[in-house]
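Chain residues, written in single-letter form:
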Amino acid sequence: MRKTNINDYMDDIEKVGTESSPAVAVRTVGRFFSGLFRAIISILCIALIAGIVVGTPIVMYVIDIANEPTGIDLRARKLNLTSNIYVYNKEGEAVKYQQLYSSENRVWVDYKDIPKQMKDAMIAIEDKRFHDHKGVDWVRTGGAIISLATGSDSYGGSTLTQQLIKNVTKDNEVSINRKLREVFRALKLEKEYTKDEILEAYLNIVNFGGNTGGVQAAANMYFGKNIQDCSIAECAAIAGITQNPSLYNPLYFPDYNKERRETVLQAMFDQEMITRAEYADSLEESKNMKFITDESESDEEDYNPDEEEDDISNVQNWYIDAMLRQVQADIAEVYNVGTDVAEERLYTEGLNIYCAMDLDMQEYAEKYFTSLDTPYDENLEIGYTMTALDGRIIATVGSRNQKTGNLLYDRANVAALQPGSTIKPIGAYPLTIENKYYNFSSTIADQPIEEWDYTEGYWKPGPNNWYGYYTEKLTICDAIEWSSNAAAARALQLVGVENSYSFVTGKLGFTHLAEQDSKNLAGLSIGGLNGGVTATEMAAAYSIYGNGGRYYKPYTYYYVTDQNGNVVLDNRDNVPLQALSTETAYIMNRLLNYNVNNSYHTRAGSTRVSGWDTIGKTGTTDDTKDSWFCGLSPICAAALWTGYDTPTVINAPNYAVDCWQDLMEHYLSDKEVVQYEPAEGVTQIRFCKTSGLLATETCEYTGLGYYTTDNIPGYCNGECLKKNETDTDTETESDSSDEQSDTESSGDENSDSDENSESSADSTSSEPVESEPEWWESQFGTP
């Protein structure tokens, strides 16, 4: 019988002593060790496979870190180079527009002017093998990693090169990941720069307490003298500060500094950097060392080689503010450094930034808003962004007031705002079209959701419509034109809040939403967000309806080069994300066109620009505390918010619509008229505005609908005639309700209709049936 486990072999071994045949014993022992060998081999193979599975991603991760650029230019830091901003004129030529200066008053001391005792003191206490290693002291680094792995967050091991990197990148994370990145950067830095250059940079950049950067600032602050004039003991006092700039600051903790500087002197003596006599003299000096405690005793101006300060008094426009924030963020991301380090690079490394601003439009927009007359809302604020359909920001304005400083609070690019009903064509409806739940003219219930608002222990129905009542149902195109809250909420409920949240955050670049918005039905349907949106995000989101459903990340610069002309940042190949199919994007485009050209319940129709197909959506929030218009033309999109920094009722909420139209009209005034590119997979067919089905000869009110071939409705069977007979009274009530909407509203959009008193009957017949006799044959093919 075949033996299946080790106990069987052991039983045989025990029998050996009682059996007479030695061959049995040999055979049994052989089987035992053969099985044991196979088990060991199996375990080793499993361990090897597991090691490969687990180790491969780790190796790839380490390789990725090793291939990261250092992002450090020590020579540029030394030179404190001025960066330049270029804009393009009408001839397409890049013209220097503005210079960027550092506001830091750092005095850089050349290597040859730093005394030997200062260099020796720093090497002795921080990195005694500095001249021998290649950037990393592997013995000390290994110990530091072990210390970290065992749970200690206070470990040494960094060379001067690594410390320099940490100070330049401001990467203070306590992790193995940071240590690995630091190691590879140090190895690269030592290949790019000499030891003297690295030590010079270290002594000019590292913090020496009291916000002093570099040994010159430290010598002046603590001793009131030039670093060249500092004694060995004074250099030791400065060198000792770097390990803990707060604890060893001699102005606040003189005893700790005394202990530390004498440790530095001991290290210098042990490493034969100073003689015994110099060591003794320095210890004696250390006992009674004096420090400057009054800034008036300092002669700092004697050591500042620049008599003229950088001129930073010029106020830059809102576009430059936004661009500098974006360049800073991109430097931080690309080079994996902190934003403060990125800012320093921006102002000191001689970068050349090729700005994407349309200077004429930017100047016009800023002048337009500062001269805007708002007699009923004197303190009304605005946030405005216009973008090309490829993501380029054309112009942006963060306030309607005269700009008095740089990098101020920006209501267009920084402020997270409540979007009101402008969110409906973004969060509620597009996925219903994309997923074939609805088509251009599908009907949707304009009725409350029973479990809408859970308060006081029970569910309340909602949302309320701004026009104060509910209809039985609306077509999708009319639901958008009426700005129905109930219909939008039902549309979002159908596609799922989480799906919409994933769409706007993953495909439309919304970064200011809150996690609760992924579960909040009101947020992405009618605009009651826990987070918010920026005007720039909204302009970019609406752009997808003019470019075939492609989302482009908004950008303010074309590209950036370093002082040597090497491209370090580049937006010229701004690769889009296909957010929606071209068919869905075009259908949404036509829905927004319908909204503007059949506008009887909101003021969207006031945004028309003669000769151009401008489309979009109005939006207000509860009690009209925010007012928007977001829309586009065939060459650009724009979003305009009006409101108050502290939400307050807007007395005249029409500014958003009127200003949007004025600015769009100005920008398009010298442009050649073009049209949106139709989607090949979309068919134009007339539909019955009453039933939402394809129109027949019996349909009185029709419009032109846009459908994909796999989502075309059936023909109207005459039910529109029955509905028109029963809805006459309702339409009359609708007229009077529209006129009272300001006082009756309690939903999201409150006052979009204050200037629209046209009848509901006119609304349904606003797009007349074509008079050509052949329209029927041309439109009614086989669906």
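Residues numbered from 1 in each chain as written. Predicted model: local features only at pLDDT ≥ 70, side-chain atom pairs only at ≥ 80, totals over all residues. Heavy atoms only, no water.

### Things to note about the overall build of the chain
Stated precisely, the cut-off is as follows: Only DSSP runs of H or I reaching four residues or more are called helices, and only runs of E reaching two or more are called strands; each is numbered from the N terminus. Type-normalised accessible area, obtained with a 1.4 Å probe on protein chains alone, sets the label of each residue: buried when under 20%, exposed when over 50%, and partly exposed for intermediate values. It only takes one pair of heavy atoms within 4.5 Å for two residues to be counted as in contact. Here the Shrake-Rupley method, with its probe set to 1.4 Å, supplies the accessible areas, and only the displayed protein chains count as covering residues.
In terms of helices and strands, the chain carries 29 helices and 18 strands. Put simply, the chain has 783 residues, and 53% of those count as buried. When contacts within the chain are restricted to residue pairs at least 6 apart in sequence, long-range pairs at least 24 apart make up 69% of them. For the chain, the exposed surface amounts to about 35700 Å²; the carbon and sulfur share of it is 49%.

### What to know about the sheet that holds strand 3 (residues 352–355)
Worth spelling out the cut-off: Whether two strands pair comes down to DSSP finding at least two bridges between them. Geometry is summarised by axes, namely lines fitted to C-alpha atoms with helices restricted to the contacting stretch, and by angles between N-to-C directions that run from 0 to 180 degrees.
Ordered in space as 2-1-3-11-12, the five strands form an open sheet in which the pairing is mixed. Only two strands of the sheet have a single neighbouring strand rather than two, namely strand 2 (94–100) and strand 12 (567–570). The sheet shows a mean angle of 20° between the axes of neighbouring strands, taken without regard to direction. When strand 1 (residues 83–88) meets strand 2, the two strands line up antiparallel, connected through six bridges. Paired with Asn 84 across the two strands is Gln 99, which belongs to strand 2. Seen against the sheet, helix 14 (residues 339–348) touches strand 1, strand 2 and strand 3 and runs at an angle of roughly 75° to strand 1.

### Here we look at the nonpolar core
Formally: For this analysis, a nonpolar core means a set of buried residues of the types Ala, Val, Leu, Ile, Met, Phe, Trp, Tyr and Cys, connected via side-chain atoms within 4.5 Å.
The biggest cluster of nonpolar side chains holds 77 residues, and the ones touching the most others in it are Ile 426, Tyr 429, Phe 440, Leu 508, Phe 510, Tyr 545 and Trp 628. Looking at this core element by element, the count peaks at seven residues for helix 23 (residues 582–597). Ranked by size, the runner-up nonpolar core spans 53 residues in total, among them Leu 189, Phe 208, Ala 218 and Ile 241.

### Some details on the packing of helix 10 (residues 232–239) against helix 11 (residues 254–270)
The condition that has to hold: Note that the term roughly parallel is reserved for angles under 35 degrees, roughly antiparallel for angles over 145, roughly perpendicular for angles of 65 to 115, and oblique for everything else. Note on convention: the crossing is left-handed when the near helix lies turned anticlockwise from the far helix by less than a right angle, right-handed when the turn is clockwise.
The interhelical angle for the contact between helix 10 and helix 11, taken along N-to-C directions, is 115°, at an axis separation of 8 Å. Our classification of the angle between helix 10 and helix 11 gives roughly perpendicular. Considering the relative orientation of helix 10 and helix 11, their crossing is right-handed. Residues Ile 232, Ala 233, Ala 236, Ala 237 and Ala 239 of helix 10 pack against Asn 257, Arg 261, Val 264, Leu 265 and Met 268 of helix 11.

### Some details on the pattern of salt bridges
Selection rule: Here, a salt bridge means any side-chain nitrogen of Lys or Arg that lies within 4 Å of a carboxyl oxygen of Asp or Glu.
Applying the stated criterion across every chain yields a total of 19 salt bridges. Among the salt bridges present, the one from Asp 113 reaches Lys 112, with a minimum N-O distance of 3.4 Å. With a relative accessible area of 66%, Lys 112 lands in the exposed category. The residue Asp 645 makes a salt bridge to Arg 411 at a minimum N-O spacing of 2.8 Å. Placement of Asp 645 in the loop between strand 16 (636–643) and helix 24 (655–668) and of Arg 411 in the loop between strand 5 (393–397) and helix 16 (424–428) is noted, with a sequence separation of 234 residues between them. Looking at Asp 645, the relative accessible area reads 47%, which means it is partly exposed.

### Side note on the confidence of the model for the chain
Rule in force here: Summary of the metric used: pLDDT quantifies the predictor's per-residue confidence within the range 0 to 100.
For the chain, the mean per-residue pLDDT works out to 84, and 79% of the residues sit at or above 70. Note that pLDDT drops below 50 for residues 294–313; the model gives that stretch 20 contacts with residues more than four away or on any other chain. Throughout residues 729–783 the model reports pLDDT below 50, and contacts reaching past four residues in sequence, or to other chains, amount to 119 contacts.

### Thoughts on the packing of aromatic side chains
Note the cut-off: Whether two aromatic rings pair depends on their centres lying within 6.5 Å, for rings of Phe, Tyr and Trp, where Trp uses its six-membered ring; planes under 30 degrees apart make the pair stacked, over 60 edge-to-face, and the rest tilted. Charges are assigned to positions over rings by a cutoff of 6 Å between ring centre and Lys NZ or Arg CZ, combined with an angular limit of 35 degrees from the ring normal.
This model, assessed by the stated rule, comprises 22 aromatic pairs. Relative to Tyr 384, the ring of Phe 369 lies with its centre 5.8 Å away and its plane at 55°, an arrangement referred to as tilted. With Phe 369 in helix 15 (residues 359–370) and Tyr 384 in strand 4 (residues 381–388), the pair connects residues that are 15 residues apart, well separated along the chain. Exposure class is identical for Phe 369 and Tyr 384. Each is buried. Pairing Tyr 469 with Trp 482 gives two aromatic rings, centres 6.4 Å apart and planes at 80°, and the pair type is edge-to-face. On the criterion of sequence distance, the pair formed by Tyr 469 in the loop between strand 8 (458–462) and strand 9 (473–475) and Trp 482 in helix 18 (residues 476–482) is long-range, its members being 13 residues apart. Trp 482 matches Tyr 469 in its accessibility class, with the two residues each being buried. One aromatic cluster is present, built from ring pairs that chain together Phe 440, Tyr 586, Tyr 594, Phe 687, Tyr 706 and Tyr 707. Lying across the ring of Tyr 111, Lys 119 places its NZ or CZ 3.5 Å from the centre. Stacked on the ring of Phe 130, the Lys or Arg Lys 195 has its end atom at 4.5 Å from the ring centre.

### Focus: unusual backbone geometry
Residue Pro 463 is reached from Gly 462 by a cis peptide bond, and omega for that bond is 0°. Within the element layout of this structure, Pro 463 appears in the loop between strand 8 and strand 9. For Glu 272, which is not a glycine, the phi torsion comes out positive at approximately 60°. You can see Glu 272 is positioned in the loop between helix 11 and helix 12 (276–287). Residue Glu 272 is classed as exposed on the basis of its relative accessible area of 72%. In this structure, Ser 483 takes a positive phi of about 60° despite not being glycine. Following the sequence through the fold, Ser 483 ends up in the loop between helix 18 and helix 19 (485–495).

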